[in-house]
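Take a look at the letters that make up each chain.
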4 protein chains.
Amino acid sequence: MERRILRWGMVGGDLNAFIGDVHRKACAMNENAVLVCGSFSRRADRNQAVGMHYGLDPERVYPDYETMAAQEAAREDGIDWVSICTPNDSHYPIAKAFLERGIHVYCEKPLTFTVEQAEELKALAEEKGLLFGVNYSHSGNVMVHEARELVRSGAIGELINVNCEYFQEYLVDDIGNQDTEMLQLSSWRKDPEISGGSNCVGDICSHIEHTVSFITGMKLKRVCALLDTYGQPLDLNANILVEFENGCHGVFASSQVCIGHMNGLVVRLFGTKGAIEWVQEEPNTLKLTKKGQPTQILNRGMGYISPAAAGMERLPFGHPEGLYEAFANMYRAFTYAVLKKVNGEELTREDLDFPNVDDGIRGVRFITASLKSSRNGAVWTEV
Amino acid sequence: MERRILRWGMVGGDLNAFIGDVHRKACAMNENAVLVCGSFSRRADRNQAVGMHYGLDPERVYPDYETMAAQEAAREDGIDWVSICTPNDSHYPIAKAFLERGIHVYCEKPLTFTVEQAEELKALAEEKGLLFGVNYSHSGNVMVHEARELVRSGAIGELINVNCEYFQEYLVDDIGNQDTEMLQLSSWRKDPEISGGSNCVGDICSHIEHTVSFITGMKLKRVCALLDTYGQPLDLNANILVEFENGCHGVFASSQVCIGHMNGLVVRLFGTKGAIEWVQEEPNTLKLTKKGQPTQILNRGMGYISPAAAGMERLPFGHPEGLYEAFANMYRAFTYAVLKKVNGEELTREDLDFPNVDDGIRGVRFITASLKSSRNGAVWTEV
Amino acid sequence: MERRILRWGMVGGDLNAFIGDVHRKACAMNENAVLVCGSFSRRADRNQAVGMHYGLDPERVYPDYETMAAQEAAREDGIDWVSICTPNDSHYPIAKAFLERGIHVYCEKPLTFTVEQAEELKALAEEKGLLFGVNYSHSGNVMVHEARELVRSGAIGELINVNCEYFQEYLVDDIGNQDTEMLQLSSWRKDPEISGGSNCVGDICSHIEHTVSFITGMKLKRVCALLDTYGQPLDLNANILVEFENGCHGVFASSQVCIGHMNGLVVRLFGTKGAIEWVQEEPNTLKLTKKGQPTQILNRGMGYISPAAAGMERLPFGHPEGLYEAFANMYRAFTYAVLKKVNGEELTREDLDFPNVDDGIRGVRFITASLKSSRNGAVWTEV
Amino acid sequence: MERRILRWGMVGGDLNAFIGDVHRKACAMNENAVLVCGSFSRRADRNQAVGMHYGLDPERVYPDYETMAAQEAAREDGIDWVSICTPNDSHYPIAKAFLERGIHVYCEKPLTFTVEQAEELKALAEEKGLLFGVNYSHSGNVMVHEARELVRSGAIGELINVNCEYFQEYLVDDIGNQDTEMLQLSSWRKDPEISGGSNCVGDICSHIEHTVSFITGMKLKRVCALLDTYGQPLDLNANILVEFENGCHGVFASSQVCIGHMNGLVVRLFGTKGAIEWVQEEPNTLKLTKKGQPTQILNRGMGYISPAAAGMERLPFGHPEGLYEAFANMYRAFTYAVLKKVNGEELTREDLDFPNVDDGIRGVRFITASLKSSRNGAVWTEV
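Residues numbered from 1 in each chain as written. Chains lettered and ligands numbered in written order. Predicted model: local features only at pLDDT ≥ 70, side-chain atom pairs only at ≥ 80, totals over all residues.

Digging into the overall build of chain A
Counting its secondary structure elements, chain A contains 12 helices and 14 strands. Here the C-alpha atoms of chain A give a radius of gyration of 21 Å, agreeing with the 21 Å that 2.2 N^0.38 yields for 383 residues. The buried share of chain A, taken over its 383 residues, is 59%. Taking the intrachain contacts of chain A between residues at least 6 apart in sequence as the baseline, contacts between residues at least 24 apart amount to 70%. (Helix = DSSP H or I, 4+ residues; strand = E, 2+ residues; numbered from the N terminus. Rg over C-alpha atoms; globule rule 2.2 N^0.38 Å. Buried ≥ 20, exposed ≤ 12 C-beta atoms within 10 Å, placed from the backbone. Contact = placed C-beta atoms within 7 Å.)

Focus on the nonpolar core
V105 of chain A, V105 of chain B, V105 of chain C together with V105 of chain D are the most contacted members of the largest nonpolar core, which totals 477 residues. In this structure V105 of chain D touches W81, V82, I84, A95, F98, L99, L130 and F132 of chain D, once residues within four positions along its chain are discounted. (Core = buried A, V, L, I, M, F, W, Y, C linked by C-beta atoms within 7 Å.)

Brief notes about the packing of helix α5 (residues 115-128) of chain D against helix α12 (residues 357-375) of chain D
Residue and element names in this part refer to chain D. As a packed pair, α5 and α12 sit with axes 9 Å apart at the nearest point and diverge in direction by 170 degrees. On the basis of the axis angle, α5 is roughly antiparallel to α12. Seen from α5, the contacting residues are V115, A118, E119, L121, K122 and A125; seen from α12, they are V357, D358, G360, I361, V364, R365 and T368. When grouped by side-chain class, the residues that make up the contact of α5 with α12 number seven nonpolar, two polar and four charged. (Axes fitted to C-alpha atoms, helices over the stretch in contact; angles between N-to-C directions. Parallel < 35°, antiparallel > 145°, perpendicular 65-115°, else oblique. Nonpolar A, V, L, I, M, F, W, Y, C, P; charged D, E, K, R; others polar.)

Some thoughts on the relation of the copies chain C and chain A
The transform that puts chain C on chain A rotates by 180 degrees and translates by 0.0 Å along the axis, for an RMSD of 0.0 Å. Put plainly, the chains are arranged around a two-fold axis. Minimal C-alpha distance to the rotation axis in chain C is attained by Q296 of chain C, lying at 2.2 Å. Both copies share a contact surface, since 100% of the interface residues of chain C are interface residues in chain A too. (Least-squares fit on C-alpha atoms with pLDDT ≥ 70 in both.)

What to know about the relation of the copies chain A and chain D
Superposition of chain A onto chain D requires a rotation of 180 degrees combined with a translation of 0.0 Å along the rotation axis, giving an RMSD of 0.0 Å. Both copies share a contact surface, since 100% of the interface residues of chain A are interface residues in chain D too.

A closer look at the sheet that holds strand β1 (residues 6-12) of chain C
Residue and element names in this part refer to chain C. The sheet built from five strands is open, its strands ordered β2-β1-β3-β4-β5 with parallel pairing. Sheet topology places β2 (33-39) and β5 (132-134) at the edges, where each strand pairs with a single neighbour. Going from strand to strand, the sheet's axes swing by 20 degrees on average, the running direction of each strand aside. Pairing of β1 with strand β3 (residues 81-85), which is carried by five bridges, proceeds in the parallel orientation. Residue pairing across strands places G9 opposite V82, the latter belonging to β3. (Pairing = 2+ DSSP bridges.)

Thoughts on the interface of chain C and chain A
Opposite the 10 residues of chain C that make contact, chain A presents 10 residues. Two strands pair when backbone bridges link them, and strand β13 (residues 295-299) of chain A and strand β13 (residues 295-299) of chain C are joined in this way by three bridges, in the antiparallel orientation. Looking at the pairing, I297 of chain A lines up with T295 of chain C of β13 of chain C.

Things to note about the interface of chain A and chain D
At the junction of the two partners, chain A supplies 31 residues and chain D supplies 31 residues. Elements represented by at least two residues in the side of chain A that touches chain D include exactly β6 (159-167), β7 (220-228), β8 (237-244), β9 (249-255), β11 (274-279) and β12 (285-290) of chain A. Considering only residue class, the side of chain A that touches chain D consists of 16 nonpolar, 12 polar and three charged.

Brief notes about unusual backbone geometry
Residue and element names in this part refer to chain B. With an omega dihedral of -10 degrees, the bond running from K109 to P110 counts as a cis peptide bond. Within the fold, P110 resides in the loop between β4 (104-107) and α5 (115-128). Positive phi outside glycine occurs at Y230, with the angle close to 50 degrees. Along the chain, the position of Y230 falls in the loop between β7 (220-228) and β8 (237-244).

Examining the confidence of the model for chain A
Summary statistics for chain A give a mean pLDDT of 96 and a share of 100% for residues scoring 70 or more. For this predicted complex, the interface score ipTM comes out at 0.96, while the overall pTM is 0.97. (pLDDT = per-residue confidence, 0-100.)

Quick look at the sheet that holds strand β2 (residues 33-39) of chain A
All names here are of chain A. Taking strand neighbours across the sheet as the criterion, the five strands line up as β2-β1-β3-β4-β5 in an open arrangement whose pairing is parallel. With partners counted over all chains shown, the strands left at the sheet margins are β2 and β5 (132-134), one partner each. Ignoring which end each strand starts from, the neighbouring axes of this sheet average 20 degrees apart. In this structure, strand β4 (residues 104-107) lies alongside β5, joined through three bridges in parallel fashion. By the bridge assignment for β5, Y106 is matched with G133.

Brief notes about the packing of helix α6 (residues 142-152) of chain B against helix α9 (residues 200-216) of chain B
All names here are of chain B. Packing of α6 against α9 brings their axes to within 7 Å, and their N-to-C directions diverge by 45 degrees. Comparing the axis directions of α6 and α9 gives the class oblique. Residues V144, A147, R148 and V151 of α6 form the contact with α9, whose own contacting residues are T211, F214, I215 and T216. Broken down by class, the residue content of the contact of α6 with α9 amounts to five nonpolar, two polar and one charged.

Given below as structure tokens:
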């Protein structure tokens, strides 16, 4: 009989974790899956706390991901997919463990430390015929999809320049701070062992790379990355010149020390016929300018939104959608494909329209190339 | 033993209904209650469809609210509260039915057609010792609470002028449209029998009244309301002069025919020491200006937000919250009080900090006075 | 022989005066007239200082306007027009004196204290065949003309609602201030004897009345004005319901005590097919929304601006024009007509396209009606 | 006897020229100088037209700059300074001619084609004891001065990142256009012989370099410039990584093909304690954010503006100043110094606070280094 409700589990994401909680609540908005198990924390008390909060079968609150992968794979009512919400260093082994057990994977970004690891995961997923989603969450916004539709429709012509930024202010006090150990304790993102060689580029600039690629289909060819660590172990600021395979140039600027900005992802795409601007902190609108014409402010929910983007809307015009809905849209696309797999249906190309392991690989390539460029004195480096 | 998870039911809100769905998903975000029953539609097929979607016990998908009230009241595991998401005309009888059966009520606004009905509900709730929440949802926004904290702290001094608006464009085509029957079919809001004598004032201007009252504590004394129907049965546009009990004056302007505005609730409060501006479509920010100082843009999630408002935040700075979170915050406050009741705990004044039946009564008074003012030629009318 | 350069004089506007100086510099931008005389101040030293600053013939720096009118009228090279930049109470006698001597008049607003005075000036100007400009300066903005062109073109359809405001903060400290004498000394606008019965409505709300009339051609029929004096002699805050002759309703809100606003004239016009928004503090842009379409941000200087408005531009796109240019545009239109008169040419209707004595009369009617409405308890009052 | 009014002349700037006209009208706003001569065009008719328009002595409308320099230097009532408003290629010889004759110079930017030429002009000016102003006009804005005061006061701490842009759209149609000759005719800026090797960087990116230097005092050390010509002779788009002498990094992005932008100079400066943002198209405001605090919108004209910047204001709060005022402020500073020179007074360091030949040299260095960097494959190049 056809299944309608999926079963899923999570690795990482205890009750204190920001992102894991967003995953759970966003996924719940789709009302098509039940969280049935997890290994939420290496600390037993925290792990159990999540299980109790969600009323999980205590046997399915696993002490580690290996056990979880093994036992869930063995159950008849085992999970249909696992979501991996741990720090960067463990994405690779966890994803590998679940893939090997034949379980679909949905993983946080950046996918892995090295390109090789990412490619190994891809090969494994392909070999096993498994789905592999990567949570480039900003792509879940309706107006990012609208931007993609506009680009595809030719509304802005051929891309000729890109100017994107992702500015935050929250680490500005790290500058000049000498207590490195304390700094690392304050966030695993500052610990090279856990975050994987990059803080700013890995955490946020990678979102620029993906969002631009998602909207335009353009792939990076090379980068010239000027990173600033201000005396800390990892980069806190990045100004990167980029060249895409099609010859289009641009700038990716990201920072965790730019006062006045909170979570300021801004994507500006310039073409021969028009331009698009999208700002993550005002996600329900999109600026579109056609050559020689007034700038237009497009609003989610209005009749002029393309059917492809409008089909994702959850609320009418003027009723703000936010981060949860972006995550929920990511999950809706991924779980729709999982459900088809589970029910033995054929997946079309359209069913696979969510950020996947290829996007994950490309993200790791971008981070790796940027770090290498910077190490060599901000020279041009192939991606 | 202490209960941790509540049980609730809904009247109205089939799968095609916008607001009912928001209630369900928002309430789910709090992870403290389970929907166990409902009477979602007078049409049996639609009613059952909701039950199936949520996997409800078919016996608890009731054909009408009277049955639901009676049977749930009789069950040992009956609902702790009912949410009423039906059109305006049925709020009163439904709320009354559940109150009479001893069940807490959470109801959409405007609460009733007449002030007498609203006061009767209040008396009944008091008599039965029941909680009665009214869903003035915009008050659930974190930055609306921040505005209230700022006013309470004296940051803007004594209120001297109020300028608020709630503009929408979506009914502009009704102007001049002669096919009244078709118009009414398109939305119950246009049908006087169902919406209760007002479209624009009842649906949206009432949000202005509540939000201002919520933030400032000021109560209206009288209004001078100039309503426009443009030939339709009900008002589509309203320009209202207001006087509060403390002598402060202002304007409430609302419209469903103002092109260029989607769901544009804007609250501007002017005091002797400062001013506040909040815009519903950009709910994560708040403008604050102190006398003679630069305007400040406050952002939800930042360290300067007052503890009372910050305690409601679900996401960090720069990660947009939207309508679902506002609703979820409404439910969090209401269900927190319900849970205490259920567990036999004493409720403090703070526990009761959610829009309640008194707000509902005041809203009906405002709508009634505005309609009366307009009927008499836009003359000053006591609220 | 045809004249190319005009001669003009000024009453009021000593070197400390804000507005008189703007008149002189703005007029100079047109490079079509020379200031040759004036009576700039009742104080001899200040009067002479202006004359010396501009290198005027000392004999043409007059001790009073009567002498100036008499002597300039007697000279062969006398002034072509006089600009009156004095406080409100002297507009009437000064304008009358120059008209009687056959000299064209350009006068600050509000034109007079009473409607009768204003109508007398109109009759006198007509009798003498003289031009009479009134300085409703905001109408000089290019984008206000663009708004008028858009309305005329039918871009927004039939007007159905108007929402305008003019908010300033600079008098907020007057509230509660008991030292009335000192207050009056600080600005003649607060002195009923000089400003003429109104501060806020006369000074700024009158600009709303004119700008709306200028753009739409609509004339006010009646007003319901709720004015606040906060214990001062004159109004500091005004919330006014308005009804136009064509039945369109709206709100004019103006204030000198609304913190966070400097010189915030905002004109919002709603029609059956579209809407327009213009903000004085950002004068180079205009928002236009067509029904069901994205809001467009029109920019002065771009190719899509209508020829009538574009013909007024002084700078290319993106190079900000400001208050001086608005004043200069007022003068360009007025002096163009004066020059034609001086050269004995026939004036077309188009040549007379500047705010004139009829606008001045209408402004006084509006102020008078608003004050009367307020005195009678904010009741509807014919304009 | 002490002079009060200066005499000046202009080279370039016929009646069709945009910038020359702005120079004349802006200078006139200061009411401290009279245009007495010029060589406005190589075309005799156009040259004479300017003379007639301003009522100049026909003998002082010179056929060429050499004659003008010689004859004005010989007159007792010769000009105090010359303003040079010609295309780039003639700045050097014209400035040289006037300096050699002992006449102060005010020149458009970019100053010269080569660094050597610029340095020669500097040496000549110093040798002759002459003033040399360079018209980096955006620095004339009050709020740019306010930004400088804020940086000097330590309000934003030590500079750690800079992100600036100057985007225009008006040349986007040049992309792919094959009719090179026609393109050059349409604007001398596209002709390498006249504009000097750069279009986009020379015309607009050079404004970024100067404005940042003006506000912060930081000097560029090296650049990595990725320029796009899109098949045209000169650059139309520039993405430049920059490093200042103090180690601060940043991006200068400028373009003449970025649709949706008119004259979009945006300066964003990030420090350890705060950040500043200024937008040329909204010149009357400035954003200031202190670490961890709400962003503040500073408005020109308000009491909190620093005395140094406030002293430059021409209009009160909320009354927009624009491009003319920025130019007028440039001239006010320069002519103030000229007047002191003319009157034989000692000039203080403060009197010399206007962009001068050193700024001109630095600008040419920046342009030269950017072009060299791009030619060599966008490699790091010393400035």
